[in-house]
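Structural overview for review
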Amino acid sequence: MKVSQAINERRSVKSYDPSHRMTEAEIEQLMSLAMLSPTAFNIQHWRFVVVTDPVLRHQIRAVSWNQTQVTDASLLIILTADLKAWEKDPARYWVNAPKQASDYLVKAIHDYYTDHAQAERDEGMRSGGMAAMTLMLAAKEMGYDTCPMDGFDFDAVGKLINLPADHVPVMFVVVGKPLEAAKPRSGQLPLNEVVIYNRFE
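An unreviewed UniProt entry lists the chain under the name Nitroreductase family protein, with Methylophilus flavus as the source organism. Taken from UniProt, the Sequence similarities (unreviewed entry) comment for the chain reads in full: "Belongs to the nitroreductase family."

Here it is, written out as structure tokens:
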């Protein structure tokens, strides 16, 4: 599948076949592709919580506005960000780079994030969003539909998955086989309303 086809055909699907299961090989393929998503300074601070426990899935659904896709989709992925990944042995993010580049970047990582909580959070959210898009496009190529979600109680979900104190939830992505085709797009804004050249008037 061409990337342009995946982009055009990707839709947010709400109803999934609850009997369908993805294979371990499919899950590994999907997650391996997600891990190729870009991150600032290559700190790879996304953490993907793949929820396979059916009891936990129902508990998460209860704090996610009772949305059926949380339990019915083949896969529930909770994207989280490790806000302190930048200080956890950052040299490992540049282990294959020339030493001069690695030394420079490790210092730059330290200088950029130290005492900048807003930057930590902003970068985590940006990286999580990019990883979510990678997941959704990769899933589409694999023959699956998806739905990105933020309709849940972030604190409650954090407690249910035992989220470490230095991590934050970013969003969910559910993946599975749809019960019905997606409805037509509800209305796209015109290009000239959303694309601005150079500066706003």
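Pairing is antiparallel across the open sheet formed by 4 strands, whose spatial order is S1-S2-S4-S3. In the strand order of this sheet, the two ends are held by strand S1 (46-51) and strand S3 (145-149), each with one partner. Averaged over neighbouring strand pairs, the angle between their axes works out to 25° when direction is ignored. The sheet contact formed by S1 and strand S2 (residues 75-82) spans 6 bridges and is antiparallel. Within S2, the residue paired with Arg-47 across the bridge is Thr-80.

This part is about the UniProt feature "domain: Nitroreductase" (unreviewed entry) in the chain. Under the UniProt annotation, "domain: Nitroreductase" (unreviewed entry) lies at residues 7-177. The span residues 7-177 is 43% helical and 17% strand by assignment, and the distance between its end C-alpha atoms comes to 18 Å.

For the rest of this paragraph, the subject is helix H3 (residues 54-62). Those residues of H3 that fall on the buried side of the exposure criterion are Leu-56, Arg-57, Ile-60 and Arg-61. Buried residues of H3 fall within an arc of 145° about the axis and therefore sit on the same side. Residues of H3 that are exposed and angled more than 90 degrees away from the buried face: Val-55 and Ala-62. Structurally, H3 contributes buried residues whose contacts are with S1, helix H4 (69-72), S2, helix H7 (154-160) and strand S4 (167-176). Here H3 starts with a cap whose side-chain oxygen sits 2.9 Å from the backbone nitrogen of Val-55, and that cap is Asp-53.

Here we come to the packing of aromatic side chains. Two measures describe an aromatic ring pair: the distance that separates the ring centres and the angle between the ring planes. Scanning the entire structure with this criterion turns up 7 aromatic pairs. Judged by centre distance (3.9 Å) and plane angle (5°), the ring pair of Phe-152 and Phe-172 falls under stacked. Residue Phe-152 is found in the loop between S3 and H7, and its partner Phe-172 is found in strand S4; the two are separated by 20 residues along the sequence. The class for Phe-172 is buried, based on a relative accessible area of 0%. Members of the aromatic cluster, each reached through a chain of ring pairs, are Phe-41, Trp-86, Tyr-112 and Tyr-113. Positioned above the aromatic ring of Tyr-144, the side-chain terminus of Lys-177 is 4.9 Å from the ring centre.

Moving on, we come to unusual backbone geometry. Although it is not a glycine, Asn-66 adopts a positive phi angle of roughly 55°. The phi torsion at Asn-162 lies on the positive side, around 55°, for a residue other than glycine. A relative accessible area of 66% means that Asn-162 is categorised as exposed.

To continue, consider the pattern of salt bridges. Scanning the model with the defined rule gives 9 salt bridges in all. Taking the shortest distance from any N to any O, the salt bridge between Lys-88 and Asp-166 comes out at 2.9 Å. Taken as a pair, Lys-88 in the loop between S2 and helix H5 (99-113) and Asp-166 in the loop between H7 and S4 lie far apart in primary sequence, 78 residues in all. Taking relative accessible area as the criterion, Lys-88 reaches 30% and is therefore assigned partly exposed. Linking Asp-111 and Lys-107 is a salt bridge whose minimum nitrogen-to-oxygen distance equals 2.6 Å. Taken together, the residues Asp-111 and Lys-107, both in helix H5 and 4 residues apart, mark about one turn of the helix. Through salt bridges with shared partners, a single ionic network connects Arg-47, Asp-82, Lys-88 and Asp-166.

A separate point is the environment of Leu-79. Among the structural elements, Leu-79 can be located in strand S2. Once the C-alpha coordinates of Leu-79 and Ala-132 are considered, the two residues, 53 residues apart in sequence, prove to be 7.7 Å apart. Those residues in contact with Leu-79, other than ones at most four positions away along the chain, are Arg-47, Phe-48, Gly-128, Ala-131, Ala-132, Leu-135, Pro-169, Val-170, Met-171, Phe-172 and Val-173.

Rules used throughout
- Residues numbered from 1 in each chain as written.
- Predicted model: local features only at pLDDT ≥ 70, side-chain atom pairs only at ≥ 80, totals over all residues.
- Heavy atoms only, no water.
- UniProt positions renumbered as here; feature names shortened; annotations may be inferred.
- Pairing = 2+ DSSP bridges.
- Helix = DSSP H or I, 4+ residues; strand = E, 2+ residues; numbered from the N terminus.
- Axes fitted to C-alpha atoms, helices over the stretch in contact; angles between N-to-C directions.
- Buried < 20%, exposed > 50% of the residue type's maximum accessible area, 1.4 Å probe, protein only.
- Arc of directions from axis to C-beta.
- Contact = heavy atoms within 4.5 Å.
- Polar contact = N/O pair within 3.5 Å; in protein donor to acceptor, adjacent residues only side chain to side chain.
- Phe/Tyr/Trp six-rings, centres within 6.5 Å; stacked < 30°, edge-to-face > 60°.
- Lys NZ or Arg CZ within 6 Å of the ring centre and 35° of its normal.
- Salt bridge = Lys/Arg side-chain N within 4 Å of Asp/Glu carboxyl O.

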